[in-house]
Amino acid sequence: MPHTVHAHTPAASTLDTTRIDDLRIGAVRPLITPALLQEWLPTPDAAQTLVETSRAAISRVLHGQDDRLVVVVGPCSIHDHEQAITYAHLLKAQADALKDELLIVMRVYFEKPRTTVGWKGYINDPHMDDSFAINEGLELARALLLDVLALGLPVGTEFLDLLSPQFISDLVSWGAIGARTTESQSHRQLASGLSCPVGFKNGTDGGIKVASDAIQAAQAPHAFMGMTKMGQAAVFETRGNQDCHVILRGGKAPNYSAQDVNAACDLLKSAGLREQVMIDVSHANSSKQHRKQIDVAADVAAQVAAGDARITGLMIESHLQEGRQDIVADQPLQHGVSVTDACISFEQTVPVLQGLAAAVRTRRAGR
């Protein structure tokens, strides 16, 4: 039978949908494609090798084949390229010195979730002036990741926006899904297709079950809509991610103690998941007091030294200088100070890292 061609009668006039469509859209601007950005800023072979080997090493830790601690350490957020590279040089020296005990990953966060409103990060607003130069932010972010990898340091970041991973995730060795998005189906689906290990934070109220549920969801295959490297809308079918884990970041109360670790691991065991946690010593675990990270890390180190192999890693917010500062128009920023959450200084970070390495050595000696 001949194929039926449906007749489309031309409308007498073009339908005006402005009364019902895009009523709250102020502007629509073109977005660079991930493929074009990767053509401008390709990944050298050495960087590909570093990403590949560091992802595999983190996976071995998660699967109990490597007894080092994964330590994700660095600024709460990136706002300046040169300061980030200065920090990376310092961290690389520590990563090399402590490589037998710690697998150090630099925290390179470009996207910041806000409780209400505020600066949303280096990709969204790289000039920090509400100009929202997102195309430039994506280019700056990828360039920074390449520069950090060139130093020999693997990087970790939070995946907040659902499209931005296509621009940078090939350079990321470890990813986080934040407390506000762990319960999001879209982020669980994203994690199921990411090529790197992923940590899910417990809920903002401290609940572990949402993170446990997220791991189970991310381990499963999914099909969802997304954007290809060429900028085309497409349906992605994932295989599932077996390298996911829980991050304890506190909630209404801290949850880094041995009792909290036991409770979290009991819940994971009941769900048929690996009994393991990473502990974020910042956020609610330090009651938003940046120097308290040092005490929390010492407590966690003591648990490791006592033989607890279920603690597989830590997260630390650390910058060149301690504290935080506000972004104020027409006022210069202090060098090396966070513009989001308060951080400990690098000088304060070094003994924390050394203490964690000593704890790993003690744990090994006790076996």
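In the block above lies the structure referred to throughout.
First, a word on scope: everything that follows refers to the structure included in this document.

The rules behind the values
Residue positions are given per chain, counting from 1 as you read along its sequence in written order. Only residues with pLDDT of at least 70 are given local features in this predicted model, and only at 80 or more are side-chain atom pairs given and counted; all residues enter the totals for whole chains, interfaces and linings. No hydrogens and no water enter the side-chain calculation; it runs on all heavy atoms of the structure. Strands are runs of DSSP state E lasting at least two residues, helices are runs of H or I lasting at least four, and both sets are numbered from the N terminus onward. Two things to know: the radius of gyration comes from C-alpha atoms, and the globule rule equals 2.2 Å times the number of residues to the power 0.38. Pairs of residues are marked as contacts when any of their non-hydrogen atoms sit within 4.5 Å. Only the protein chains shown count as cover for residues, and all accessible areas are computed by the Shrake-Rupley method using a 1.4 Å probe. By the counting scheme adopted, Arg and Lys are positive, Glu and Asp are negative, and His together with the chain ends is not counted. Lysine's charge is taken at NZ, arginine's at CZ, aspartate's at CG and glutamate's at CD. Each residue is placed in one exposure class: buried if its accessible area under a 1.4 Å probe, protein chains only, is under 20% of its type's maximum, exposed if it is over 50%, and partly exposed if it falls in between. Within this document, salt bridges are pairs made up of a side-chain nitrogen of Lys or Arg and a carboxyl oxygen of Asp or Glu, the two lying within 4 Å of each other. Between N-to-C directions, angles span 0 to 180 degrees; the directions come from axes that are lines fitted to C-alpha atoms, helices contributing only their stretch in contact. Roughly parallel refers to an angle under 35 degrees, roughly antiparallel to one over 145, roughly perpendicular to one between 65 and 115, and oblique to any angle outside these ranges. The hand of a helix crossing depends on one turn: near helix anticlockwise from the far one by less than a right angle means left-handed, and clockwise means right-handed. Residues are grouped as follows: nonpolar covers Ala, Val, Leu, Ile, Met, Phe, Trp, Tyr, Cys and Pro; charged covers Asp, Glu, Lys and Arg; every other residue, Gly included, is treated as polar. What we call a nonpolar core is a set of buried Ala, Val, Leu, Ile, Met, Phe, Trp, Tyr and Cys residues that are connected through their side-chain atoms within 4.5 Å. In this analysis, strands are considered paired if DSSP registers two or more bridges between them. The pairing test for Phe, Tyr and Trp rings, Trp by its six-membered ring, is centres within 6.5 Å, and the orientation test on the planes gives stacked under 30 degrees, edge-to-face over 60, and tilted for anything in between. Placement of a charge over a ring requires the Lys NZ or Arg CZ to be within 6 Å of the ring centre, with the centre-to-atom vector within 35 degrees of the ring normal. An expected span of 1.5 Å times one less than the residue number is assigned to each helix.

### Let's talk about the overall build of the protein
Step number 1: Regarding its fold elements, the protein presents ten helices and eleven strands.
Step number 2: Relative to its length of 367 residues, the protein is compact, with a C-alpha radius of gyration of 22 Å against a globular reference of 21 Å.
Step number 3: Taken along its principal axes, the extent of the C-alpha atoms in the protein is 80 × 55 × 45 Å.
Step number 4: Residue pairs in contact within the protein that sit at least 24 positions apart in sequence constitute 71% of those at least 6 positions apart.
Step number 5: For the protein, the accessible surface area stands at approximately 17600 Å², while carbon and sulfur atoms represent 52% of it.
Step number 6: Averaging the coordinates of the 32 positive side-chain charges in the protein and doing the same for the 41 negative ones gives two points 6 Å apart.

### Topic: the side chain of Arg249
Step number 1: Here Arg249 is to be found in the loop between β8 (244-248) and α8 (258-270).
Step number 2: One buried charge, Arg249, has no salt-bridge partner; the nearest side chain with opposite charge is Asp280, at 5.5 Å.
Step number 3: Apart from the residues within four sequence positions on either side, Arg249 is in contact with Ala179, Lys201, Asn202, Gly203, Thr204, Asn255, Asp280, Ser282, His283, Ala284 and Asn285.

### Some thoughts on the packing of helix α6 (residues 185-193) against helix α7 (residues 209-219)
Step number 1: At a closest axis distance of 8 Å, the pairing of α6 and α7 adopts a crossing angle of 50°. For the element pair α6 / α7, the angle class is oblique. With respect to the hand of their crossing, α6 and α7 are arranged in right-handed fashion. When α6 is examined against α7, the residues Arg188, Ala191 and Ser192 are found in contact with a partner set consisting of Val210, Asp213, Ala214, Ala217 and Ala218.
Step number 2: Residue composition of the contact of α6 with α7, by class: five nonpolar, one polar and two charged.

### A closer look at the nonpolar core
Step number 1: In terms of nonpolar packing, the biggest core is built from 81 residues, with Leu102, Phe110 and Phe200 touching the most fellow members.
Step number 2: Broken down by element, the residue count for this core peaks at eight residues, all from helix α10 (residues 346-365).
Step number 3: Aside from chain neighbours lying at most four places away, what touches Phe110 is Ile78, Lys120, Gly121, Tyr122, Ile123, Ala141, Leu144, Leu145, Thr157 and Ile168.
Step number 4: Counting residues in each nonpolar core, the second largest holds 14 residues, with Ala57, Ile58, Val72 and Ala176 among its members.

### As for the pairing of strand β4 (residues 174-177)
Note on strand geometry: in a regular strand, side chains alternate between the two faces of the sheet.
Step number 1: Burial of the side chains of β4 extends over both faces: Trp174 and Ala176 are buried on one face and Gly175 and Ile177 on the other.
Step number 2: Examined bridge by bridge, strand β3 (residues 155-158) and β4 share three bridges and lie parallel to one another. In the sheet register, Gly156 faces β4, and the bridge partner there is Trp174.
Step number 3: Relative to strand β5 (residues 198-201), β4 runs parallel, the two sharing three bridges.

### Considerations on the packing of aromatic side chains
Step number 1: In this structure the tally under the stated criterion is three aromatic pairs.
Step number 2: On the numbers, 6.0 Å between centres and 20° between planes, the contact of Phe110 with Tyr122 is stacked. In this pair, Phe110 sits in the loop between β2 (102-107) and α4 (134-150) while Tyr122 sits in the loop between β2 and α4, placing the two residues twelve residues apart along the sequence.
Step number 3: With relative accessibility at 1%, the residue Phe110 sits in the buried group.
Step number 4: Between Phe224 and Phe236 the ring centres are 6.1 Å apart and the planes differ by 20°, which places this aromatic pair in the stacked class. Residue Phe224 is found in strand β6 (residues 223-227), and its partner Phe236 is found in strand β7 (residues 233-237); the two are separated by twelve residues along the sequence.
Step number 5: A relative accessible area of 18% means that Phe224 is categorised as buried.
Step number 6: Exposure remark for Phe236: the relative accessible area of 26% places this residue in the partly exposed category.
Step number 7: We note Arg107 situated over the ring of Tyr109; from NZ or CZ to the ring centre the distance is 3.7 Å.

### Some remarks on helix α2 (residues 45-62)
Step number 1: Compared with the 26 Å implied by 1.5 Å per residue over 18 residues, the 26 Å span of α2 between its first and last C-alpha is a close match.
Step number 2: Those residues of α2 not exposed but buried are Ala47, Leu50, Val51, Ser54, Arg55, Ala57, Ile58, Ser59, Val61 and Leu62.
Step number 3: Buried positions along α2 lie against β1 (69-74), β2, α4, β4, β8 and β10 (311-319).
Step number 4: In the stretch just after α2, Gly64 is the one whose phi turns positive, near 75°.

### Remarks on unusual backbone geometry
Step number 1: A positive phi angle, near 50°, is found at Phe132, a position not held by glycine.
Step number 2: Positionally, Phe132 belongs in the loop between β2 and α4.

### A word on the environment of Thr204
Step number 1: Within the secondary structure, Thr204 is located in the loop between β5 and α7.
Step number 2: Judged by its relative accessible area of 46%, Thr204 is partly exposed.
Step number 3: Between the C-alpha atoms of Thr204 and Gly137, which are 67 residues apart in sequence, the distance is 28 Å.
Step number 4: Excluding residues that lie within four positions of it along the chain, Thr204 makes contacts with Ala179, Arg180, Arg249, Gly251 and Lys252.

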